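# Observations on the three-dimensional arrangement
Read off the chains here:
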2 protein chains.
Amino acid sequence: MIEQGRHRVVVVGAGFGGKYAAKALRKAPAEVTVINGTNHHVFEPLIYQVATGVLSPGEVSTPVREMFRGQPHTNVLLGWVTDVDVEGRTVTATAPGGMPYQVPYDTLIVAAGTTQSYFGNDRFAAYAPGLKSIDDAVELRSRILTAFEMAELAGDPAEAARWMTFVIVGAGPTGVELAGQIAEIAHRTLAGEYRRIDPAQSRIVLVDAVDRILPTFSPESSEAAARRLRRIGVEIRTGARVTDMDDVAVVAGGERIEAMTKVWSAGVAAAPLARRLAEATGAPTDRNGRILVEPDLTVPGHPEIFVVGDLMSRGRLPGVAQVSIQGGGYAGGVIRRRLTGKPAGKPFRYFDKGDIATVSRFSAVADLRGLHLSGLAGWLLWLLVHWAYLPRGRNRMSALIRWTVAFLGRGRAERAVTARQARIPAERSEVPAVTPAA
Amino acid sequence: MIEQGRHRVVVVGAGFGGKYAAKALRKAPAEVTVINGTNHHVFEPLIYQVATGVLSPGEVSTPVREMFRGQPHTNVLLGWVTDVDVEGRTVTATAPGGMPYQVPYDTLIVAAGTTQSYFGNDRFAAYAPGLKSIDDAVELRSRILTAFEMAELAGDPAEAARWMTFVIVGAGPTGVELAGQIAEIAHRTLAGEYRRIDPAQSRIVLVDAVDRILPTFSPESSEAAARRLRRIGVEIRTGARVTDMDDVAVVAGGERIEAMTKVWSAGVAAAPLARRLAEATGAPTDRNGRILVEPDLTVPGHPEIFVVGDLMSRGRLPGVAQVSIQGGGYAGGVIRRRLTGKPAGKPFRYFDKGDIATVSRFSAVADLRGLHLSGLAGWLLWLLVHWAYLPRGRNRMSALIRWTVAFLGRGRAERAVTARQARIPAERSEVPAVTPAA
């Protein structure tokens, strides 16, 4: 029941920012409504493991409703928020099937996140999808696994080689993790499974315009990761900007690489909602479209609107999970203090817990406040941190099993690619896409 | 490597029939090529658990290549077989993206299975999808879970009630299992997660034209299953043929039921390939289009073509897993004997191991050669049988965990419905559907 009279807080997005904002409001005298574009919260650091067949979507996500079941004053609505009426204090969202609906608010927390940015070359999106959602991960998994199938069916060696060449654009943690996983798929998982091709002959090329991989990490971590990647068969092209791309190739740093399968993890752009919010409020934005906020994470001139997470720009904070987690919790706390008559707290202060990225089995790099770990030590820390952060007990147990299988064995449990995902025109599995209109 | 000179066997389909046929040829002096429409073998008896969010696709499937990794003379190709040239002994298949290719054979085993039949009302397919593949299961899961979300957003009680009414057409094991699962989703899984609707107010209606549910089971099992279903809130309409359907309702037995979500598990039709095979060989077919075979499962007049599994009609054998498993193994054995100069064996003889269907938590019905079990005893047997048949060790471990969570707890691990699956026009997750052409 939506209780009348309580202060209405609307939270846009149930990623890390929205999750922790709503959790911080658990005991506040407010009626909270979380509007998310899907029915689940994604544990984004592990999304690349869905893309590479190690984990299932369910293992890296939690149903939003399940997350807030214990908070009777937290309502959840499914929908994609498209607009904010700042004067009327209303958000507009689109339900499945396209029907719009409005939700009024007294206070708004925008945690809508970011999308891939192609630096102005949006046509690349068709050839090199990003990796921000489960849809993206399933699409990428399908492309990676089906590429080897197409190589097996290929009519000549050049065609087979194109199918067995993978280019990852963007050498941040996601790109590095993907490159390492694809190399392991080619060298371990698929060994012995093909008769005409040898998957170990695959080329995996990691490209980035900057001068070293993992540019936000310490130089020691960058170097350790690069060494490990090369050892497992990944080619690295730094200082190589992607200037062109089509369905069969990519041009990076002036070099044309023939590759059917490309991934883009190189840039972020604020969710389209940010542009509308900035226009409506006059808020300044950075060059990625992210909103420049006040020290208390509110929009300048609009203390009733908070922006947290990837969408927020404050100081030089990176778009990483911890910034969203801490920012979301902070914003929820500010609102709770307001509603319970407490004095305003301190400005938002980010506590940098460090960076960590896995490179391959038994090898990761970590920067912890000046301390640098790599190799097996880094990997054990990675395992611990991600396992601890995985939502809910059952996810931990099944992830542990999947990881044991993937890391100690050669198996990947989630390799099923459906006919629709692989674009096989199969007569029997085409369910016409009908969206019922009530 | 495809070794020249060996007898070439092509197996169409890697379901139960194709899997056991190819496995029976493991040591035969033949070069076997398995052509499947997806990259995985599906454990069909548990596919309904993907549709209801208990298991992930990976947990009910095995990659075909992984299945045959240990058989160096078994080749796997991804493709949808569309035609057979009986004179030229060649099959034609379609690769991902639509490119056709040919594969020659000396002996052919057709195990292409069946699709849903709508008894001539193919337009029902858009409103009531079937449940034969992982694509179907993911689509159904999306519709079921999103229906509750739409009910929460609904503008009036009649609209909400339409969204919370589910009709399952076809009361065989699949329909019964689905009905029981949807009832448990409504009454257990979603309890406490919604604020405007009460999921326990859902209506789940199981309809069939025949006079009792589970018509292929014993009358005792039918009655036990019906009692259990009613106790958990499922309405049963037997002797009710579906005569009309649109996006908001279904008419069965003269009664109009307003329901947005419908499932069809009522009839089977032979894969389209069967019609072409029958035309090319003159083979007789039954009224479902299945090929009537000789006692050794070959096509009349064509001892080089075997038909096994759901696609085969022999005596009055039902289209169940055991018939495919035993028939596939039998056909492979006949070929192996031919190639090793042994005398022809006996005609195919089906050993009926019985029927089993789960109804709800802790309740299943089983007929074992005259012995009838129900309730908890039946359910423990169901658990044992399905656990033993699950492909591969890791699937067993993770399924055990998922079942523990689902049966002892209230959780379902695989509830994530993506934006694309829920048909939410989300600006950031639309990856253009591009099929690269090499």
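Because the structure is a prediction, the values reported are computed rather than measured.

### Regarding the overall build of chain A
When helices and strands are tallied, chain A shows 11 helices and 25 strands. Its C-alpha atoms give chain A a radius of gyration of 22 Å, near enough to 22 Å, the size a compact globule of 438 residues would have. Each principal axis of the C-alpha distribution contributes one length, and for chain A these read about 70 × 55 × 45 Å. Among the 438 residues that make up chain A, the fraction classed as buried is 61%. Contacts spanning at least 24 positions in sequence make up 63% of the contacts within chain A whose residues lie at least 6 apart. Carbon and sulfur atoms provide 53% of the accessible area of chain A, an area that totals close to 16,100 Å². Between the averaged position of the 52 positive side-chain charges in chain A and that of its 43 negative side-chain charges there is a distance of 7 Å.

### Some remarks on the domain arrangement of chain A
Residue and element names in this part refer to chain A. Looking at the assigned domains, one finds that chain A contains domain 1 (7-37 + 79-116 + 268-339) and domain 2 (122-266 + 361-408). Spacing between the C-alpha centres of domain 1 and domain 2 amounts to 32 Å. Taken together, the contacts link seven residues of domain 1 with seven residues of domain 2. Of the roughly 490 Å² buried between domain 1 and domain 2 on both sides combined, carbon and sulfur atoms contribute 48%. Across the contact surface, domain 1 and domain 2 share zero salt bridges. Linking domain 1 with domain 2 are three residue pairs in polar contact (both at pLDDT 80 or more), by the criterion used here. Mapped by element, the contributors of at least two residues to the side of domain 1 that touches domain 2 are β10 (114-116) and α9 (321-339). The residue inventory of the side of domain 1 that touches domain 2, partitioned by class, reads two nonpolar, four polar and one charged.

### Let's talk about the sheet that holds strand β16 (residues 255-258) of chain A
Residue and element names in this part refer to chain A. Read across the open sheet, the three strands follow the order β14-β15-β16; overall the sheet is antiparallel. Both edges of this open sheet fall to β14 (242-245) and β16, since each of them pairs with a single strand only. Adjacent strand axes in the sheet meet at a mean angle of 20°, parallel and antiparallel pairs treated alike. Direction of pairing for strand β15 (residues 249-252) relative to β16: antiparallel, over a ladder of four bridges. Across the sheet, the residue bridging to alanine 252 is glutamate 255, located in β16.

### Some thoughts on the packing of helix α4 (residues 134-153) of chain A against helix α6 (residues 173-189) of chain A
Residues and elements named next belong to chain A. Direction vectors running N to C along α4 and α6 enclose 35°, while the axes themselves pass 12 Å from each other. Taken as a pair, α4 and α6 cross one another with a handedness that is right-handed. Contacts between α4 and α6 involve Leu140, Ile144 and Phe148 from the former and Leu178, Ile182, Ile185 and Ala186 from the latter. A class-by-class count of the residues in the contact of α4 with α6 yields seven nonpolar, no polar and no charged.

### Digging into the pattern of salt bridges
Residue and element names in this part refer to chain B. Counted according to the given criterion, the structure contains 34 salt bridges over all chains. A salt bridge links arginine 237 to glutamate 255, with the nearest nitrogen and oxygen atoms 2.7 Å apart. A residue pair is termed long-range when its members are at least 10 positions apart, and arginine 237 in strand β13 (residues 234-237) and glutamate 255 in strand β16 (residues 255-258) qualify at 18 residues. Taking the relative accessible area as the measure of exposure, arginine 237 reaches 23% and is therefore partly exposed.

### A word on the interface of chain B and chain A
Contacts between chain B and chain A engage 97 residues on the former and 97 residues on the latter. In this assembly, chain B packs against chain A so that about 8,400 Å² is buried in total across both faces, 58% of it on carbon and sulfur atoms. Linking chain B with chain A are eight salt bridges. Ionic pairing is found between Arg415(B) and Glu66(A), a salt bridge with its closest N-O pair at 3.4 Å. On the surface where chain B and chain A come into contact, there are 40 residue pairs in polar contact (both at pLDDT 80 or more).

### Some words on the sheet that holds strand β24 (residues 363-368) of chain B
Residue and element names in this part refer to chain B. Read from one edge to the other, the open sheet built from three strands follows the order β23-β24-β25, with strand pairing classed as antiparallel. Of all the strands in the sheet, the pair left with one neighbour each is β23 (355-360) and β25 (371-373). Going from strand to strand, the sheet's axes swing by 10° on average, the running direction of each strand aside. Judged from the three bridges that link them, β24 and β25 form a sheet pairing that is antiparallel. Paired with leucine 368 across the bridge in β25 is leucine 371.

Thresholds, definitions, all that
- Residues numbered from 1 in each chain as written.
- Chains lettered and ligands numbered in written order.
- Predicted model: local features only at pLDDT ≥ 70, side-chain atom pairs only at ≥ 80, totals over all residues.
- Heavy atoms only, no water.
- Helix = DSSP H or I, 4+ residues; strand = E, 2+ residues; numbered from the N terminus.
- Rg over C-alpha atoms; globule rule 2.2 N^0.38 Å.
- Buried < 20%, exposed > 50% of the residue type's maximum accessible area, 1.4 Å probe, protein only.
- Contact = heavy atoms within 4.5 Å.
- Areas by Shrake-Rupley, 256 points an atom, 1.4 Å probe, with all protein chains shown as cover.
- Lys, Arg positive; Asp, Glu negative; His and termini not counted.
- Charge placed at Lys NZ, Arg CZ, Asp CG, Glu CD.
- Domains from an automatic or database assignment.
- Buried area = accessible area lost by both parts, 1.4 Å probe.
- Salt bridge = Lys/Arg side-chain N within 4 Å of Asp/Glu carboxyl O.
- Polar contact = N/O pair within 3.5 Å; in protein donor to acceptor, adjacent residues only side chain to side chain.
- Nonpolar A, V, L, I, M, F, W, Y, C, P; charged D, E, K, R; others polar.
- Pairing = 2+ DSSP bridges.
- Axes fitted to C-alpha atoms, helices over the stretch in contact; angles between N-to-C directions.
- Left-handed = near helix turned anticlockwise from the far one by under 90°.

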